Amino acid sequence: MKKIVLATANQHKVKEINQILKGKIEFIGLDELGFDGEVPEDQITIEGNAHQKADFIFQKYGLATIAEDTGLFVNALGGDPGVYSARYASKQHSNLSNIDLLLKKLSPFEDRSAYFKTVFCLVTNNGIQYFDGICKGRIIKNQSGVGGFGYDPIFTPDGYEITFAAMDSLTKNKISHRGIALENFIKSFNLSD
Ligand code: IMP
């Protein structure tokens, strides 16, 4: 079976994607490769970061590698926090949480539209391929829901009245940026059922 390295130390992500792929391709994580160092991630776009991470591992091991990067892009804030989503508050030396800082910055604006975008970058001997997924929605004013992670408690996807954090994970995975990007990867390799 074809194996692709998923450039993440997060075993949970590897397991989740392998369940979706149902054995058609096997993803292996960095710990299975015996790599426990830092993968560089200092580009100014999520595409750049995904490519940087995948290429770093590909150059080191010569194995087909895929890497992922995600950001939350808020229209009224000119696309912030975007590529800095994971470290939004700390980047500004703020003692607020990422969510609190975002809500504060967005409070003067009427337009609360936003979208999540995930990019997967695959680097192989045959070159580089990108697969992306976007989920549009809006930022609500007060946190709601206890599931998920990151900005889930303040993001309500279009067509729904509840946040990602209030959804069951099956529904979220079907409509989410990450789910759509993975779907595009699966389609491109004709792996669908
Ligand atoms: P990563 O590239 O998947 O590590 O995501 C970067 C950051 O974006 C995370 O630390 C979260 O703050 C945020 N993020 C990514 N995906 C999601 C999601 O599905 N829901 C909420 N926040 C997310």
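This text goes with the structure placed above it.
Fair warning: this is a prediction, and the values are worked out from it, not measured in the lab.

(A) Inspection of the pattern of salt bridges at higher detail. Scanning all chains against the criterion turns up eight salt bridges. Across the pair Lys117 and Glu47 runs a salt bridge, and its minimum N-O distance is 2.8 Å. With a gap of 70 residues between them, Lys117 in strand S5 (residues 113-124) and Glu47 in helix H3 (residues 46-61) connect regions that are remote in the sequence. The exposure class of Lys117 is buried, given its relative accessible area of 16%.

(B) Geometry of helix H7 (residues 177-188). For H7, with twelve residues, the first-to-last C-alpha span of 17 Å sits near the 16 Å given by 1.5 Å per residue. Of the positions making up H7, those classed as buried are His177, Arg178, Gly179, Ala181, Leu182, Phe185 and Ile186. Immediately downstream of H7, the backbone of Asn190 shows phi near 55°, a positive value.

(C) Molecular detail of the nonpolar core. Of all hydrophobic cores here, the largest spans 20 residues; its most connected members are Leu72, Val74, Leu102, Ile139, Tyr151, Ile154 and Phe155. Contributions of two or more residues to this core are made by strand S3 (65-74), helix H4 (88-91), helix H5 (98-106), S5 and strand S6 (127-139). Per-element tally for this core: the top contributor is H5, with five residues. Not counting residues within four places of it along the chain, the set of residues in contact with Val74 comprises Gly79, Asp80, Pro81, Leu102, Leu106, Ser113, Ala114 and Ile139.

(D) Looking closely at the pairing of S6. When S5 meets S6, the two strands line up antiparallel, connected through twelve bridges. Residue pairing in the sheet places Thr124 in a bridge with Gly127 of S6. Here S5 folds back onto S6 in antiparallel fashion, the turn holding two residues. Both S6 and strand S7 (residues 155-157) contribute to a ladder of three bridges, which runs antiparallel. Its bridge partner lying in S7, Arg138 is registered against Thr156.

About the criteria used
Residues numbered from 1 in each chain as written. Predicted model: local features only at pLDDT ≥ 70, side-chain atom pairs only at ≥ 80, totals over all residues. Heavy atoms only, no water. Salt bridge = Lys/Arg side-chain N within 4 Å of Asp/Glu carboxyl O. Helix = DSSP H or I, 4+ residues; strand = E, 2+ residues; numbered from the N terminus. Buried < 20%, exposed > 50% of the residue type's maximum accessible area, 1.4 Å probe, protein only. Expected span 1.5 Å × (residues − 1). Core = buried A, V, L, I, M, F, W, Y, C linked by side-chain atoms within 4.5 Å. Contact = heavy atoms within 4.5 Å. Pairing = 2+ DSSP bridges.

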